[in-house]
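# What the coordinates show
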Amino acid sequence: MSDLHIVYISVGSNIGDKLANCQKGIQALNETGHSKILAQSRFYATEPVDFEDQDWFINAMVKLETSDDPFQLLDQIELIERTAGRKIDPVRFGPRILDLDIILYNDRIINSERLVIPHPRMHKRRFVLKPICDINPGIIHPVLKKEMRFLLECLGNDNQKVLEYR
Ligand code: ADP
Ligand code: MG
């Protein structure tokens, strides 16, 4: 692989065997032939935030090295989601077998119709910030110019429940 990029991908599931769905998604990311997993967070049980009338999620974060450009990587994760059995979502932010979101891609800032990086809601989501801090709390948000540990502290005592999953 030439020209490698460092990427953080958020992994989530709230249908079926959620832990197994996340683990299979992570394995699939490692088997595209273009990417390699470098680190992985703990798993968390998390309360749904945007659309609250649905089951809790299992979430995790992975750090990847990839030769894909951001749009090739998005194609890959959409293929993995579909292979996991994900259908067109009837409800935005609703239940899903597998959700893979690109949180960071090097220090790149992308604002296209298909792809926004850094992920536009990451700094407000405990289920993203808590697991990324497992891997490296010192990563700097390329737009906000703040460390992940600081963004997590900024959430204060809001009531997004994120519990370590044993
Ligand atoms: P969400 O994860 O926000 O609940 P979806 O998984 O249904 O939403 O994704 C909807 C669309 O979001 C995708 O078709 C994709 O084109 C777009 N998208 C924009 N930015 C990103 C990103 N950083 N990572 C993944 N998908 C993204
Ligand atoms: Mg998504």
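Residues numbered from 1 in each chain as written. Chains lettered and ligands numbered in written order. Predicted model: local features only at pLDDT ≥ 70, side-chain atom pairs only at ≥ 80, totals over all residues. Heavy atoms only, no water.

### Concerning the pairing of strand β4 (residues 57–66)
On any regular strand, side chains alternate: one points to one face of the sheet, the next to the other face. Of all ten residues in β4, nine are buried; the element is thus mostly enclosed. The pairing of strand β2 (residues 35–40) with β4 spans five bridges and is antiparallel. Bridging across to β4, A39 finds its partner in K63. Here three bridges tie strand β3 (residues 44–46) to β4, and the two strands are oriented antiparallel to one another. Looking at the pairing, A45 lines up with I58 of β4. (Buried < 20%, exposed > 50% of the residue type's maximum accessible area, 1.4 Å probe, protein only. Helix = DSSP H or I, 4+ residues; strand = E, 2+ residues; numbered from the N terminus. Pairing = 2+ DSSP bridges.)

### Points about the pattern of salt bridges
The final tally for this structure, using the stated rule, is twelve salt bridges. Residues K161 and E47 are paired through a salt bridge, measuring 3.6 Å at the closest nitrogen-oxygen approach. Taken together, the positions of K161 in the loop between α4 (148–154) and β8 (162–164) and E47 in the loop between β3 and β4 put the pair 114 residues apart, joining distant regions of the chain. On the basis of relative accessible area, K161 is assigned to the partly exposed category, the value being 40%. (Salt bridge = Lys/Arg side-chain N within 4 Å of Asp/Glu carboxyl O.)

### Concerning helix α1 (residues 18–30)
End to end, α1 covers 19 Å across 13 residues, agreeing with the expected 18 Å (1.5 Å per residue, within 8%). Buried within α1 are the following residues: K18, A20, N21, C22, G25, I26 and L29. Tucked inside the fold, the buried residues of α1 contact β1 (5–13), β2, β4, α2 (70–83) and β5 (99–105). (Expected span 1.5 Å × (residues − 1). Contact = heavy atoms within 4.5 Å.)

### Notes on the site of ligand 1
Around ligand 1, the surrounding shell holds 15 residues, and the nearest of these are R86, D99, I102, R114 and V116. Between an oxygen atom of ligand 1 and a side-chain N or O atom of R96, the distance comes to 3.3 Å. Summarising the interface, the protein chains cover 75% of the accessible area of ligand 1, which totals 560 Å² for the free molecule. In terms of residues, the shell around ligand 1 owes the most to one element, β5, which gives three residues. (Near = heavy atom within 4 Å. Polar contact = N/O pair within 3.5 Å; in protein donor to acceptor, adjacent residues only side chain to side chain. Areas by Shrake-Rupley, 256 points an atom, 1.4 Å probe, with all protein chains shown as cover.)

### Observations concerning a nonpolar patch on the surface
Side chains of I109, V143 and L144 sit close together on the surface and give an oily, nonpolar patch of about 250 Å² of accessible area. Looking at where L144 falls in the secondary structure, it is placed in the loop between α3 (126–135) and α4. (Patch = residues over 30% accessible without salt bridge, like charges linked within 9 Å, V, L, I, M, F, W, Y side chains within 5 Å.)

### Thoughts on the layout of surface pockets
Taken as a whole, the largest pocket spans an internal volume of roughly 860 Å³. Considering the residues around the largest pocket, the lining is formed by 35 residues, among which R96, D99, D101, H119 and R121 are closest to the centre. Elements with a contribution of two residues or more to the lining of the largest pocket: β1, β4, α2 and β5. Class assignment of the residues belonging to the lining of the largest pocket gives a composition of 15 nonpolar, six polar and 14 charged. (1 Å grid on protein atoms, 1.4 Å probe; cavity = no way out; pocket = protein on both sides within 12 Å on 5 of 7 lines; lining within 4 Å. Points joined across faces, edges and corners; volume = space filled by probe spheres on them. Nonpolar A, V, L, I, M, F, W, Y, C, P; charged D, E, K, R; others polar.)

### Thoughts on unusual backbone geometry
Across the junction of I117 and P118, the peptide omega takes the value -5°, indicating a cis bond. Mapped onto the elements of the fold, P118 is located in the loop between β7 (116–117) and α3. A positive phi angle is found at N106, which is not glycine, with a value near 45°. Tracing the backbone through its elements, the reader meets N106 in the loop between β5 and β6 (110–111). Residue classification places N106 among the partly exposed residues on the basis of a relative accessible area of 34%. Residue K145 is not a glycine yet carries a positive backbone phi of 60°. Summarising the element assignment, K145 is placed in the loop between α3 and α4.

### Some remarks on the pairing of β5
Burial of β5 is extensive: seven of the seven residues sit out of reach of the surface. Note: β1 against β5, six bridges, orientation antiparallel. Looking at the pairing, I9 lines up with I102 of β5.

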